[in-house]
Amino acid sequence: MADLDVLAPDSGRLAERLARLSEYHDSTLPGWSREVFSESYRASREWTRSLFAEAGLNPTVDAAGNIIGRLPGRAGGGPALVTGSHTDTVQNGGRYDGIVGVLAGVEVAQRLRETGTRLDHDLVVVDFLGEEANEFGISCMGSRAVAGTLTADHLDRVDGTGLRLGTAMERFGSDPDAALGQAWGPSDVHGYVELHIEQGPLLERSGHGIGVVTAIAGIDRLLAHFAGRTGHAGTTPMGDRHDALVSAAAAVLTVERIACGAPVHGVATSGHIQSTPGSMGVITDQARLWAEIRSVDGSWLHGARRQIVEEIAAETRARGVELDVEWLSDQDPVPTAEAVRDVISGAAEGLGLSWRAVPSGAGHDAAHLARLGPMGMIFVPSVDGRSHCPEEMTAPEDIATGTHVLAATLVQLDKSPARAL
Ligand code: HGY
Ligand code: MN
Ligand code: MN
């Protein structure tokens, strides 16, 4: 087996590339914003694609807009080892979510080439399009297309301006209709491993440098529409009101309360309220609430989904306000493959590193790649457990260590026969 030390990353090069890619963001906003289809995202992907080429990965861009690099293996063709992540961010996000996995994948490929380490399997590195939640309500656009779960209905979803996702993809240079038919098959993937920041506090609190992910949380996102009755805020007695904004506010508290009782990893978040007419002196008659619930425990998630709607409906009825709930996504929890977990933990131990098992409360492209082959994820610590904010921080040495574990994992997976995974 390759000398694992020799595959250690060039940490200076890796840190410089992280800083370089982070420079592509909307500097008029706090933190780092490189949202899907934005100009900063478009510009960043030109740089990322040139980096793939510099690393000898001969990049192509598929119909969905995924940047795909390939380092041929000895066997040539056949099921590949796949790694990667995403380079889009949430608005006012951080500098590490997603790009750590893409740049680590490039670094591993470059170290394999520089050390003359030939794998049997091809190594494929992917920058997946549009992983983050967005106004279209469809995250993981690129990995869904690869997994064959991007649908025509998804392409018809519109953002707040009425723009179709399919049209936005076309304007970005993708071919959405072709993306619906570009799915990879199970014969294309020997194994998928993604390096990602934990985005939570567990590794830092327990003092472990490496997390071996047990499962990726399921995510159910809803849009609740409240229809009340408008009127004069000064003359309408309180008992006569059907205030849509009050109903939406009560729903926000319901969402929080139901998750706070979760016996396992279960969380719920209200992200956004829109209300009209939105002026003082007038009682609100229309309100919309976007919220989500997540858990690695599917049975809790399904129960919470039902309970939230029942309780919001009861509160709303009591106020004489009408309710309509639309579920925007229902991504079930996805367990990682035990065999891949064992390889990751063995790789960490082989490098003398401490590791612990951790759930992922965050969603990832890996959840979709799991449909194509054995999937695993490696986490590195997030300082103060913060993410999706300008304070997002992971120490460069932790990123380098995680990249080293990724290299060792891929080398070991390369030696594992398909049936063993
Ligand atoms: O929102 C998430 O869970 C991920 O960061 N896209
Ligand atoms: Mn991410
Ligand atoms: Mn994210």
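This structure is a prediction, so every number in the text was calculated from the model and none was measured. (Residues numbered from 1 in each chain as written. Chains lettered and ligands numbered in written order. Predicted model: local features only at pLDDT ≥ 70, side-chain atom pairs only at ≥ 80, totals over all residues. Heavy atoms only, no water.)

(A) Looking closely at the overall build of the protein chain. If you tally the helices and strands in the protein chain, you get 13 helices and 15 strands. Each of the three principal axes of the protein chain carries a C-alpha extent, and together these read 80 × 45 × 40 Å. The buried share among the 421 residues of the protein chain stands at 54%. Restricting the contact set of the protein chain to residue pairs at least 6 apart, pairs at least 24 apart contribute 78%. Accessible area for the protein chain stands at about 16800 Å²; split by element, carbon and sulfur atoms hold 51% of it. Side chains of the protein chain give 34 positive and 56 negative charges; the mean places of these two sets differ by 1 Å. (Helix = DSSP H or I, 4+ residues; strand = E, 2+ residues; numbered from the N terminus. Buried < 20%, exposed > 50% of the residue type's maximum accessible area, 1.4 Å probe, protein only. Contact = heavy atoms within 4.5 Å. Areas by Shrake-Rupley, 256 points an atom, 1.4 Å probe, with all protein chains shown as cover. Lys, Arg positive; Asp, Glu negative; His and termini not counted. Charge placed at Lys NZ, Arg CZ, Asp CG, Glu CD.)

(B) Just the pairing of strand S2 (residues 67-71), in detail. Most of S2 sits inside the fold, with four of its five residues counted as buried. Across two bridges, the pairing between strand S1 (residues 60-61) and S2 is antiparallel. Bridged to threonine 60 within S2 is isoleucine 68. Two successive antiparallel strands, S1 and S2, enclose a turn made up of five residues, where glycine 65 displays a positive phi of approximately 105°. Alignment of S2 against strand S4 (residues 123-128), held across five bridges, turns out to be antiparallel. If you follow isoleucine 67 over to S4, its bridge partner there is aspartate 127. (Pairing = 2+ DSSP bridges.)

(C) The packing of helix H1 (residues 11-22) against helix H2 (residues 39-54), seen in detail. Direction vectors running N to C along H1 and H2 enclose 155°, while the axes themselves pass 10 Å from each other. As far as their axial angle goes, H2 and H1 are roughly antiparallel. Where H1 abuts H2, its residues Arg17, Arg20 and Leu21 lie against Ser44, Trp47, Thr48, Leu51 and Glu54. The residue inventory of the contact of H1 with H2, partitioned by class, reads three nonpolar, two polar and three charged. (Axes fitted to C-alpha atoms, helices over the stretch in contact; angles between N-to-C directions. Parallel < 35°, antiparallel > 145°, perpendicular 65-115°, else oblique. Nonpolar A, V, L, I, M, F, W, Y, C, P; charged D, E, K, R; others polar.)

(D) Region of interest: the coordination of the manganese ion (ligand 3). Taken together, the protein ligands of the manganese ion (ligand 3) are Asp97 (OD), Glu132 (OE), Glu132 (OE) and His388 (NE2), with distances of 2.1 to 2.6 Å. Every donor residue of the manganese ion (ligand 3) comes from the same chain, spaced as D-x34-E-x255-H. Residue aspartate 97 is classed as buried on the basis of its relative accessible area of 7%. You can call histidine 388 partly exposed: its relative accessible area is 39%. (Donors = N, O, S within 2.8 Å, 3.2 Å for Na, K, Ca; no water.)

(E) Looking closely at the coordination of the manganese ion (ligand 2). Those protein atoms acting as donors to the manganese ion (ligand 2) are His86 (NE2), Asp97 (OD) and His196 (NE2), and they sit at 2.1 to 2.3 Å. Here the donor residues of the manganese ion (ligand 2) are spaced in sequence according to H-x10-D-x98-H. In this model, the manganese ion (ligand 2) sits 3.5 Å from the manganese ion (ligand 3), the two metals being bridged by aspartate 97. With histidine 86 in strand S3 (residues 80-86) and histidine 196 in strand S5 (residues 189-197), this pair connects stretches of sequence that are 110 residues apart.

(F) View of the nonpolar core. Membership of the largest hydrophobic core comes to 49 residues, with the highest contact counts inside it found for Leu57, Leu112, Leu123, Val193, Ile378 and Leu406. Among all residues touching leucine 112, those that are not within four sequence positions of it are Leu7, Leu71, Thr117, Leu119, Leu123 and Val411. Residues Val146, Trp184, Leu203 and Leu372 belong to the second largest nonpolar core, which totals 22 residues. (Core = buried A, V, L, I, M, F, W, Y, C linked by side-chain atoms within 4.5 Å.)

(G) Spatial organisation of the sheet that holds strand S11 (residues 286-295). Sheet architecture is open: four strands sit in the order S9-S11-S7-S12, paired in antiparallel fashion. Pairing within the sheet leaves two strands with one partner each, and these edge strands are strand S9 (266-276) and strand S12 (322-331). Sheet twist, expressed as the average angle between the axes of neighbouring strands with direction ignored, equals 15°. When strand S7 (residues 218-227) meets S11, the two strands line up antiparallel, connected through ten bridges. Across the sheet, phenylalanine 226 pairs through a bridge with alanine 287, a residue of S11. Running over the sheet, helix H9 (residues 244-260) touches S7, S9 and S11 and is turned about 170° from S9.

(H) Expanded view of the packing of H2 against helix H3 (residues 99-114). Direction vectors running N to C along H2 and H3 enclose 15°, while the axes themselves pass 10 Å from each other. Here H3 runs roughly parallel to H2, going by the angle between their axes. In terms of crossing hand, the pair formed by H2 and H3 is left-handed. Packed against H2, whose contacting residues are Trp47, Thr48, Leu51, Phe52 and Glu54, the element H3 presents Val102, Leu103, Val106 and Arg113 at the interface. (Left-handed = near helix turned anticlockwise from the far one by under 90°.)

(I) Spotlight on the domain arrangement of the protein chain. In terms of domain boundaries, the protein chain breaks down into domain 1 (11-217 + 333-420) and domain 2 (218-331). A C-alpha centroid distance of 33 Å is found between domain 1 and domain 2. For the domain 1 and domain 2 pair, buried surface summed over both sides reaches about 1000 Å², with 56% attributable to carbon and sulfur atoms. Interface area lost by domain 1 to domain 2 is led by Ala217, Pro333 and Gly361, which between them contribute 43%. On inspection of domain 1 and its partner domain 2, the count reaches two residue pairs in polar contact (both at pLDDT 80 or more). Where the side of domain 1 that touches domain 2 is concerned, the elements lending two or more residues are strand S6 (210-216), strand S14 (355-360) and helix H12 (366-369). Counted by class, the side of domain 1 that touches domain 2 contains nine nonpolar, six polar and one charged residues. (Domains from an automatic or database assignment. Buried area = accessible area lost by both parts, 1.4 Å probe. Polar contact = N/O pair within 3.5 Å; in protein donor to acceptor, adjacent residues only side chain to side chain.)

(J) Highlighting the site of ligand 1. For ligand 1, the full set of nearby residues is Asp97, Glu131, Glu132, Gln199, Arg294, Ala362, Gly363 and His388. Measuring from a nitrogen atom of ligand 1, one finds a side-chain N or O atom of glutamate 131 at 2.9 Å. Glutamate 132 has a polar side-chain atom sitting 2.9 Å from a nitrogen atom of ligand 1. For ligand 1, whose accessible area on its own is 210 Å², the fraction buried by protein is 95%. Residues of the shell around ligand 1, tallied by class, amount to one nonpolar, three polar and four charged. (Near = heavy atom within 4 Å.)

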